[in-house]
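Results of the structural survey
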Amino acid sequence: MREMAQHRSGSVPGILTFIAADTANFILFFGYFMVERMAQPALFARSAAMLDIRLGLLNTVILITSGWLVALSVEAARAGEMDKVRRRLRLAIGVGLCFGVVKTIEYADKMAHGLTPQTDAFFTFYYVFTGIHLLHYGIGIALLAATLVRARRIEAGFAGWIESCALFWHMVDLLWVFLFAMLYLQGAL
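In this text, all values refer to a predicted model and were calculated from it rather than measured experimentally. (Residues numbered from 1 in each chain as written. Predicted model: local features only at pLDDT ≥ 70, side-chain atom pairs only at ≥ 80, totals over all residues. Heavy atoms only, no water.)

Before going further, it helps to spend a moment on the confidence of the model for the chain. When pLDDT is averaged along the chain, the result is 90; 93% of the residues meet or exceed 70. Averaged pLDDT values for the elements of the chain fall to 44 in helix 1 (residues 2-6) and rise to 97 in helix 5 (residues 82-112). Note that residues 1-9 has pLDDT below 50 and, in this model, 19 contacts with residues that lie over four places away or in other chains. (pLDDT = per-residue confidence, 0-100. Helix = DSSP H or I, 4+ residues; strand = E, 2+ residues; numbered from the N terminus. Contact = heavy atoms within 4.5 Å.)

In this section: the pattern of salt bridges. One pass over the structure, following the stated rule, counts 6 salt bridges. The salt bridge partner of Asp-52 is Arg-54, with a shortest N-O separation of 3.1 Å. Between Glu-163 and Arg-78 there is a salt bridge, and its shortest N-O distance comes to 3.1 Å. Note that Glu-163 is positioned in helix 7 (residues 158-188) and Arg-78 in helix 4 (residues 53-78), a separation of 85 residues in sequence. Relative accessible area serves as the criterion here: at 10%, Glu-163 is assigned to the buried category. In this structure Arg-78 comes out as partly exposed when scored by relative accessible area, which is 48%. (Salt bridge = Lys/Arg side-chain N within 4 Å of Asp/Glu carboxyl O. Buried < 20%, exposed > 50% of the residue type's maximum accessible area, 1.4 Å probe, protein only.)

Here it is, written out as structure tokens:
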């Protein structure tokens, strides 16, 4: 429906500004991590090897799949197919919620084995980075749920809203891909 495309709001440029600022912060954090990693390579390699790469990979697949479903929701919204938008968003949220379940299992396992933020520098970074990511993830799930509620009817500004929420969710995906590589894969190498 042409109406959907014509009723875009100014929300997309706003979310892009937020994503750029948030990404700049993460780049600084990642840079600090790399400096510490270079200063303590044996400790970081030994600690990273204690992460379960299978759980990290599972969470990567979960977020990428959820992101794909969100992208399909945006495509359906652009076509004015609100039934498809709602179905795809429900699936995206359902798949996305699995990330939180897997991360909770992983945190519980780490803590049961005495691996806490105080264990060493690597695990401090691990918990801080994944915790900040988990906060972004929670906000993203809430935004997707709000989008699902708004998708019950066609309204002005919905196209801009769903695109903005999708961009935020894709930032969550992308951040996880970097975290997976930095934290989990270094233990596998």
